Amino acid sequence: MNVILILIDALRQDHLGINGYHRNTSPNIDKLAEEGILFLNAYCTLPRSDPTITSILTGMYPHSHGVRLMANNKLNPSITTLPEILKSHGYKTAFIKPGSITPEGYNRGFTHYDLLSWKIKNKIKRAIYKATHPNNFLGGAEQRFSTAMRWINKNINKKFFFLIHTNDLHWPYNIPKTYDHMFDPEYKGNHTFSKQVYRGDITFGLKKLSQEEIEHAIAHYDGGISYIDFHLVKLVDFLKKKNVYDDTLIIIVSDHGEHFGEHGYYFQHGASLYEASAKSTLLFHCPKKLPKNVKINNRVQALDIMPTILDILKIPIIDRIEGISLLPLMEGKAKKVRDFVFAEGIEEHFKQHKRVYMKGVKGKWRMMIVDDWKIIYVPHPEKDIFELYNLKNDPWEKNNLIDKEKEKAEEMKKKILDFLKSQSNEGNVNVEDLTKKSRKLLIKAGYLENE
């Protein structure tokens, strides 16, 4: 059986048609979900790409695998990654991703990792496309899916694992025409949401945007979903044409969500752990192996993907991991596999974010969900801050019950603080010491201010 893992950066699960979204953004993703298994309450481990990707590939939380800061991370060398395991079982492995800071370890085990030849071919394609379409550009999804299909075609007679990471939905939602205005064709504004000079001010609500601008940003984002969805079906059709579709496990996952004004955060993910940022998209599809048209409400996490893949492939897990196989849930053999969900935020480098009170790991937000109760922990040098929500009654965390549900609050405080006791609380990134290239890439991605 083959495995294709499609990671769509920042894809909010509530913006998919199958989850009742008011726009028809995702007909092809919806169809895969209908033919497979959709998890309605999946969560990242840290709302940023590298830490959650590392969790997906190791089955470990960031505090265990070691990739938990903005930069200068190092994957724990004693941890075995999913591609390393699959490679040892005869799989050809490959990963294509956006250009970004070099990962500190999760590239281990890939036969082909973001090859220079892929980059050169896509650069030539972009140049040709720009010359023939001077007012447009070749988007990331089109480049990465086409590269994946070429590689799969060369390895069609072997077992393969291909990880595709596309970031077309990442701020500033730079989407090729005609998808950029497909949901708001009458817009005549100035794209204020995408101005880098105001990044921190906009993100944390210091510069107030009009509702029209906010809705326009969301329309851009939704157009990006449709753009990715259009190119995804080309991959699906290719697998069918090559007669490997039924024997291929397709997983679609997002590394985190995105804020569109919830709790005063705009076009952001990373430091906060509210549902808009922490929830992910997750679906599994394999006609030959898995049930169809199943929706699962149980709360699960990104680190559960690795053991689930290995369980489906009947490959034993030798090392200790923190993820839990979701296959018993999929097959209806278990009502629950996970006792809690836990996530930490990224360390904050925006001075505009007034709710991070200490630098580095010490200032990170943490959250834990047990059953329907969610606690958010915000470290403070004088008195730590806690928020408590009942997600069943209040799914978007509008009512903080920390002072009303005192018994439950104390219970949840103890659970999260006990879980944190064994974790390192040290670590920081001095952004002034980063290489010029690293700083530029982090600024471009919206994680640092352009000063």
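Our structure's up above, just so we're on the same page.
Basis of the calculations
- Residues numbered from 1 in each chain as written.
- Predicted model: local features only at pLDDT ≥ 70, side-chain atom pairs only at ≥ 80, totals over all residues.
- Heavy atoms only, no water.
- Helix = DSSP H or I, 4+ residues; strand = E, 2+ residues; numbered from the N terminus.
- Rg over C-alpha atoms; globule rule 2.2 N^0.38 Å.
- Buried < 20%, exposed > 50% of the residue type's maximum accessible area, 1.4 Å probe, protein only.
- Areas by Shrake-Rupley, 256 points an atom, 1.4 Å probe, with all protein chains shown as cover.
- Lys, Arg positive; Asp, Glu negative; His and termini not counted.
- Charge placed at Lys NZ, Arg CZ, Asp CG, Glu CD.
- Salt bridge = Lys/Arg side-chain N within 4 Å of Asp/Glu carboxyl O.
- Pairing = 2+ DSSP bridges.
- Axes fitted to C-alpha atoms, helices over the stretch in contact; angles between N-to-C directions.
- Contact = heavy atoms within 4.5 Å.
- Phe/Tyr/Trp six-rings, centres within 6.5 Å; stacked < 30°, edge-to-face > 60°.
- Lys NZ or Arg CZ within 6 Å of the ring centre and 35° of its normal.
- Parallel < 35°, antiparallel > 145°, perpendicular 65-115°, else oblique.

A. Region of interest: the overall build of the protein. A tally of helices and strands in the protein yields 13 helices and 14 strands. For a compact globule of 451 residues, the expected C-alpha radius of gyration is about 22 Å, and the protein comes in at 21 Å, within 12% of that figure. Principal-axis analysis of the C-alpha atoms gives the protein an extent of 60 × 55 × 45 Å. Of all 451 residues assigned to the protein, the portion counted as buried reaches 58%. When the accessible surface of the protein is totalled, it reaches about 19,000 Å², and 50% of it is carbon and sulfur. Both charge centroids of the protein, one from 66 positive and one from 54 negative side chains, sit 6 Å from each other.

B. Layout of the pattern of salt bridges. For the structure on display, the rule yields 21 salt bridges. We note a salt bridge from E344 to R68, for which the minimum N-O separation is 3.0 Å. Here E344 is found in strand β11 (residues 341-344), whereas its partner R68 is found in the loop between α3 (62-65) and α4 (82-88), with 276 residues between them in sequence. Exposure class is identical for E344 and R68. Each is buried. By sharing partners, the salt bridges in this structure join R12, D14 and E262 into a single network.

C. Geometry of the sheet that holds strand β13 (residues 373-378). Strand order across the open sheet formed by four strands is β11-β12-β13-β14, with antiparallel pairing between neighbours. Sheet topology places β11 and β14 (385-390) at the edges, where each strand pairs with a single neighbour. Each neighbouring strand pair of the sheet contributes to a mean axis angle of 15°, computed without reference to strand direction. In terms of strand pairing, β13 meets β14 through six bridges, oriented antiparallel. Bridge pairing in β14 places I375 opposite L388.

D. Fine view of the sheet that holds strand β1 (residues 2-8). The strand order across the open sheet built from eight strands is β4-β3-β5-β1-β6-β9-β2-β10, with neighbouring strands paired in mixed fashion. Looking at the sheet topology across the chains shown, the edges are occupied by β4 (112-113) and β10 (294-301). One ladder, built from six bridges, connects strand β2 (residues 37-43) with β10; its direction is parallel. Paired with L38 across the two strands is K295, which belongs to β10. Here helix α6 (residues 140-154) sits on the sheet in contact with β1, β3 (92-96), β4 and β5 (160-166), set at roughly 170° to β5.

E. Highlighting the packing of aromatic side chains. This structure, assessed with the given rule, holds 30 aromatic pairs. The interplanar angle of 25° and the centroid separation of 6.0 Å between the aromatic rings of Y173 and F193 together place this pair among those described as stacked. Remark: F193 occurs in the loop between β5 and α7 (199-203) and Y173 occurs in the loop between β5 and α7; sequence separation between them is 20 residues. The pair Y173 / F193 is uniform in exposure class, with both members buried. Aromatic pair Y265 and Y274: ring centres 6.3 Å apart, planes at 40°, arrangement tilted. Across this residue pair, the class does not change: Y265 and Y274 are buried. Feature note: the residues Y173, F193, Y221, F260, Y266 and F267 constitute an aromatic cluster, connected by ring pairs. Here the basic side chain of R48 rests over the ring of Y447, its NZ or CZ set 4.4 Å away from the ring centre.

F. Examining the packing of helix α1 (residues 27-34) against helix α8 (residues 211-241) more closely. Contact geometry for α1 and α8: axes closest at 7 Å, N-to-C directions at 50°. Considering the angle they form, α1 stands oblique to α8. Along its contact with α1, which presents P27, N28, I29 and L32, the element α8 presents D229, F230, L232, V233 and V236.

G. Structural detail: helix α2 (residues 49-58). By the criterion of burial, α2 is predominantly enclosed, with 10 of the 10 residues buried. What α2 keeps buried is the set S49, D50, P51, T52, I53, T54, S55, I56, L57 and T58. Buried residues along α2 sit in contact with β1, α3, α4, β5, β6 (248-253) and α10 (305-312). Looking one or two places after α2, you find G59, whose phi comes out positive at around 70°.

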